[in-house]
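If you want the building blocks of each chain, they are given just below.
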Amino acid sequence: QAQLVESGGGLVQPGGSLRLSCTASGFTSNDYHMGWFRQAPGKEREFVAAVTSIGGDTFYAVAVKGRFTISRDNGKNTLDLQMNSLKREDTAVYYCAASNSETILTLSSASEYDYWGRGTQVTVSS
């Protein structure tokens, strides 16, 4: 049974940093593109970042580019999201997801992802 489990969320002050992790099990995650999405209260789920299965190419939403870094360790079946210079508007539940899409052009679309974690809360507040 495929499973993604996020960890590392919490409360942080504006300007601070957090590192989220996601551990995959029950499927060959190395064969999947991996991504992070987030959903704030009253808003739709939105793309944050993605990394391809082969080559490790990375993609970022404009809102986080230059502040967030996505990385994967295929040997450990883990996916990380390093978040720096956090802003109040980064407050959301963050989800890890895996995609078996044949194209990388649509990795910003939630509909392209096959497996999802349950999410971890990130709150940026003073």
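A short tour of the structure in this document, coming up. Being a predicted model, the structure only gives us computed values, none of them experimental.

Scanning the entire structure with this criterion turns up 1 disulfide. Between the sulfur of C22 and that of C96 lies a disulfide, 2.1 Å long from S to S. Judged by the sign of its S-S torsion, about -70°, the bond between C22 and C96 is left-handed. Here the residue C22 occupies a position in strand β3 (residues 18-25), and C96 occupies one in strand β9 (residues 92-99), the gap between them amounting to 74 residues. Per residue, the accessibility class of C22 equals that of C96, and both read buried.

In terms of nonpolar packing, the biggest core is built from 34 residues, with W36, L81, M83 and Y94 touching the most fellow members. Where this core is concerned, the elements lending two or more residues are β3, β4 (33-39), β5 (46-51), β7 (68-73), β8 (78-83), β9 and β11 (120-124).

A word on the sheet that holds β7. Strand order in the open sheet made by the 4 strands is β1-β3-β8-β7, with antiparallel pairing throughout. Unpaired on one side and paired on the other, β1 (3-7) and β7 mark the two borders of the sheet. The sheet shows a mean angle of 15° between the axes of neighbouring strands, direction not considered.

Quick look at the pairing of β8 now. Burial analysis of β8 places 5 of its 6 residues in the buried class, which makes it a mostly covered element. In this sheet, β8 lies alongside β3 in antiparallel orientation, the contact comprising 6 bridges. Note that in β8 the partner of R19 across the bridge is Q82. The pairing of β7 with β8 spans 6 bridges and is classified as antiparallel. Bridging across to β8, I70 finds its partner in L81.

On to a nonpolar patch on the surface. On the surface, F59, I104 and L105 cluster together to form a nonpolar patch covering roughly 290 Å² of accessible area. Here L105 shows up in the loop between β9 and β10 (115-116). By relative accessible area, L105 is classed as exposed at 75%.

In the case of a regular strand, side chains alternate between the two sheet surfaces. Burial of β11 is one-sided: the residues T120, V122 and V124 facing one way are buried, the residues Q121 and T123 facing the other way are not. Both strand β2 (residues 10-12) and β11 contribute to a ladder of 3 bridges, which runs parallel. Bridge assignment links G10 to a residue of β11, and that residue is V122. One ladder, built from 3 bridges, connects β9 with β11; its direction is antiparallel. Paired with A92 across the bridge in β11 is V122.

Reading the values: rules and limits
- Residues numbered from 1 in each chain as written.
- Predicted model: local features only at pLDDT ≥ 70, side-chain atom pairs only at ≥ 80, totals over all residues.
- Heavy atoms only, no water.
- Disulfide = S-S within 2.5 Å.
- Helix = DSSP H or I, 4+ residues; strand = E, 2+ residues; numbered from the N terminus.
- Buried < 20%, exposed > 50% of the residue type's maximum accessible area, 1.4 Å probe, protein only.
- Core = buried A, V, L, I, M, F, W, Y, C linked by side-chain atoms within 4.5 Å.
- Pairing = 2+ DSSP bridges.
- Axes fitted to C-alpha atoms, helices over the stretch in contact; angles between N-to-C directions.
- Patch = residues over 30% accessible without salt bridge, like charges linked within 9 Å, V, L, I, M, F, W, Y side chains within 5 Å.
- Areas by Shrake-Rupley, 256 points an atom, 1.4 Å probe, with all protein chains shown as cover.
- Salt bridge = Lys/Arg side-chain N within 4 Å of Asp/Glu carboxyl O.

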